[in-house]
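Next come the chains, spelled out residue by residue.
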Amino acid sequence: MSNSTMISPQSMMSTLSIHTEMAKGAIKIPQNPRDLGVHSPSFTELMESKVAAVNTDQNHSSALMRAVDGGESDDLVGAMVASQKASLSFSTMIQIRNRLVQAFDEVMKMPV
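Residues numbered from 1 in each chain as written. Predicted model: local features only at pLDDT ≥ 70, side-chain atom pairs only at ≥ 80, totals over all residues. Heavy atoms only, no water.

You'll find the protein chain entered in an unreviewed UniProt entry as Flagellar hook-basal body complex protein FliE, with Shewanella eurypsychrophilus given as the organism. If you open the UniProt record of the protein chain and go to Subcellular location (unreviewed entry), you find "Bacterial flagellum basal body". As recorded by UniProt, the Sequence similarities (unreviewed entry) comment attached to the protein chain reads in full: "Belongs to the FliE family." (UniProt positions renumbered as here; feature names shortened; annotations may be inferred.)

Written as structure tokens, this is what we have:
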């Protein structure tokens, strides 16, 4: 028993519960997209699309704020919501970038 791994009763019960739910059909496991011939985007493509989405949010927010400032629109609430959405998406993008840089630094510090 020294070379075998110990499994806790809680982990066994949770695994049993998951398999029970799968058998009942409550948890549906989708097929792997690669099996269906679907092209999964590369990391670069994903980052480019997300940066473009953040840019679109920023441009939309700016357009709404200009419309309110210029008196063309009286939807101040919509402009403020768009501004907050753009700010939140930009902050999220910056935090993701910082985490990626931090991970890259950690990888570079690893001994070879």
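Student: What am I meant to see in the overall build of the protein chain here?
Tutor: Scanning the protein chain for helices and strands turns up three helices and zero strands. Each helix (α) and strand (β) of the protein chain, taken in turn from the N terminus, gives the series α-α-α. On C-alpha atoms alone, the protein chain measures out to a radius of gyration of 24 Å, which is more than a quarter above the 13 Å that the 2.2 N^0.38 rule sets for 112 residues. The dimensions of the protein chain, computed from C-alpha atoms along their principal axes, are 75 × 50 × 35 Å. Counting across all 112 residues of the protein chain, residues that qualify as buried make up 7%. (Helix = DSSP H or I, 4+ residues; strand = E, 2+ residues; numbered from the N terminus. Rg over C-alpha atoms; globule rule 2.2 N^0.38 Å. Buried < 20%, exposed > 50% of the residue type's maximum accessible area, 1.4 Å probe, protein only.)

Student: Which parts of the structure should I look at to understand a nonpolar patch on the surface?
Tutor: Judged by side-chain polarity, Ile18, Met22, Ile27 and Ile29 come together as a nonpolar surface patch covering roughly 350 Å² of accessible area. Its place among the elements puts isoleucine 29 in the loop between helix 1 (9-24) and helix 2 (43-69). Given the relative accessible area of 60%, isoleucine 29 is considered exposed. (Patch = residues over 30% accessible without salt bridge, like charges linked within 9 Å, V, L, I, M, F, W, Y side chains within 5 Å. Areas by Shrake-Rupley, 256 points an atom, 1.4 Å probe, with all protein chains shown as cover. Salt bridge = Lys/Arg side-chain N within 4 Å of Asp/Glu carboxyl O.)

Student: Would you mind going over the layout of surface pockets with me for this structure?
Tutor: One simple way to see leftover space: roll a probe sized like a water molecule over the atoms. Taken as a whole, the largest pocket encloses approximately 190 Å³ of empty space. Residue lining of the largest pocket: Leu46, Met47, Lys50, Val51, Ala53, Val54, Asp57, Ser89, Thr92, Met93 and Ile96, and that is the complete set. Those elements giving two or more residues to the lining of the largest pocket turn out to be helix 2 and helix 3 (76-109). When residues in the lining of the largest pocket are grouped by element, the largest group, seven residues, is from helix 2. (1 Å grid on protein atoms, 1.4 Å probe; cavity = no way out; pocket = protein on both sides within 12 Å on 5 of 7 lines; lining within 4 Å. Points joined across faces, edges and corners; volume = space filled by probe spheres on them.)

Student: Would you mind showing me how to read the environment of glutamate 21 here?
Tutor: Structurally, the position occupied by glutamate 21 is in helix 1. A relative accessible area of 28% means that glutamate 21 is categorised as partly exposed.

Student: What is the right way to look at the side chain of serine 89 in this model?
Tutor: With respect to the element layout, serine 89 can be found in helix 3. Aside from chain neighbours lying at most four places away, what touches serine 89 is Val54 and Asp57. (Contact = heavy atoms within 4.5 Å.)

Student: Could you clarify how one ought to interpret the packing of helix 2 against helix 3 in this entry?
Tutor: Between two packed helices, what matters for the description is the angle formed by their axes and the separation of those axes. At a closest axis distance of 8 Å, the pairing of helix 2 and helix 3 adopts a crossing angle of 150°. In terms of axis orientation, helix 2 runs roughly antiparallel to helix 3. Crossing angle aside, the handedness with which helix 2 passes helix 3 is left-handed. Its residues placed into classes, the contact of helix 2 with helix 3 shows 15 nonpolar, seven polar and two charged. (Axes fitted to C-alpha atoms, helices over the stretch in contact; angles between N-to-C directions. Parallel < 35°, antiparallel > 145°, perpendicular 65-115°, else oblique. Left-handed = near helix turned anticlockwise from the far one by under 90°. Nonpolar A, V, L, I, M, F, W, Y, C, P; charged D, E, K, R; others polar.)

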